[in-house]
Amino acid sequence: GINVEQLDEDNLPQVTIIISAYNEEDLIENCIKSIYESEYDISKIKVIVGSDGSTDRTVEILKTMKTIHPTLDYYDFERMGKSGTGRSGAFRRVF
């Protein structure tokens, strides 16, 4: 593994964080904020959220946050359950 503390900022690797969400309106904004407010170089962070057919304001919140964080991408999938949006499900269609 890479010891991030031993790297200078110019040599930090790109990271992609993948989040599977269903009806997370109460948590998703703080979750995304905490990632972008971390000490890691935000130009090297990409966040991808798959909403599993959320029926609350999750997608609306993500849409607003995308205007603030251009490296945030989100996908609004039809409801498939947790395993459906994970690696073996809907995200496979994206990647």
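Remember, predicted model here, so these are calculated numbers, not experimental data. (Residues numbered from 1 in each chain as written. Predicted model: local features only at pLDDT ≥ 70, side-chain atom pairs only at ≥ 80, totals over all residues. Heavy atoms only, no water.)

**Q** Looking at this model, I keep getting lost on the sheet that holds strand β1 (residues 15-21). Mind explaining?
**A** Pairing between the strands of a sheet is mediated by backbone hydrogen bonds and can be parallel or antiparallel. Ordered by their spatial adjacency, three strands build an open sheet running β1-β2-β3, and the pairing between neighbours is parallel. Unpaired on one side and paired on the other, β1 and β3 (72-77) mark the two borders of the sheet. Within this sheet the neighbouring strands show an average axis-to-axis angle of 15°, counted without direction. Looking at chain direction, strand β2 (residues 45-52) and β3 are connected through six bridges and run parallel. From the neighbouring strand, Val47 faces β3, where its bridge partner is Leu72. (Pairing = 2+ DSSP bridges. Helix = DSSP H or I, 4+ residues; strand = E, 2+ residues; numbered from the N terminus. Axes fitted to C-alpha atoms, helices over the stretch in contact; angles between N-to-C directions.)

**Q** Can you walk me through helix α1 (residues 28-36) in this structure?
**A** Side chains that are three or four residues apart share a direction in an α-helix, a result of its 3.6 residues per turn. Of the positions making up α1, those classed as buried are Ile28, Ile32, Ile35 and Tyr36. An end-on view of α1 places all buried positions within 95° of arc, on one side of the element. Contacts from the buried residues of α1 go to β1, β2, α2 (58-68) and β3. (Buried < 20%, exposed > 50% of the residue type's maximum accessible area, 1.4 Å probe, protein only. Arc of directions from axis to C-beta. Contact = heavy atoms within 4.5 Å.)

**Q** Explanation requested: the pattern of salt bridges in the structure shown.
**A** Side chains that differ in sign of charge can pair as their charged atoms come close. All told, the structure shown has five salt bridges when counted by the stated rule. Close ionic contact of Asp52 with Arg79 constitutes a salt bridge, the shortest N to O distance being 2.4 Å. Of this pair, Asp52 sits in strand β2 while Arg79 sits in the loop between β3 and α3 (82-85), and the two are 27 residues apart along the sequence. The class of Asp52 is buried, set by a relative accessible area of 2%. With relative accessibility at 48%, the residue Arg79 sits in the partly exposed group. For the salt bridge of Arg57 with Glu60, the shortest nitrogen-to-oxygen distance reads 3.7 Å. (Salt bridge = Lys/Arg side-chain N within 4 Å of Asp/Glu carboxyl O.)

**Q** I tried to follow the packing of aromatic side chains on my own but got confused; where do I start?
**A** How two aromatic rings sit relative to each other is given by the distance of their centres and the angle of their planes. Summed over all chains, the structure comprises one aromatic pair. The ring of Tyr22 carries the charged tip of Arg79 above its face, separated from the ring centre by 3.6 Å. (Phe/Tyr/Trp six-rings, centres within 6.5 Å; stacked < 30°, edge-to-face > 60°. Lys NZ or Arg CZ within 6 Å of the ring centre and 35° of its normal.)

**Q** Can you help me understand the environment of Ser34 in this one?
**A** With respect to the helices and strands, the residue Ser34 is situated in helix α1. The exposure class assigned to Ser34 is partly exposed, which follows from its relative accessible area of 45%. Among the polar contacts made by the side chain of Ser34, one reaches the main-chain carbonyl oxygen of Cys31 at a distance of 2.7 Å. (Polar contact = N/O pair within 3.5 Å; in protein donor to acceptor, adjacent residues only side chain to side chain.)

**Q** Help me understand α2, please; the structure alone is not making it clear to me.
**A** Restricting attention to buried positions, one finds in α2 the residues Thr58, Val59, Ile61, Leu62 and Met65. The arc that holds the buried residues of α2, viewed along the axis, is 155°, so those residues lie on one side. Those residues of α2 that are exposed and angled more than 90 degrees off the buried face are Lys63 and Thr67. Elements that come into contact with the buried residues of α2 comprise β1, α1, β2 and β3.

By themselves these figures say nothing about function.
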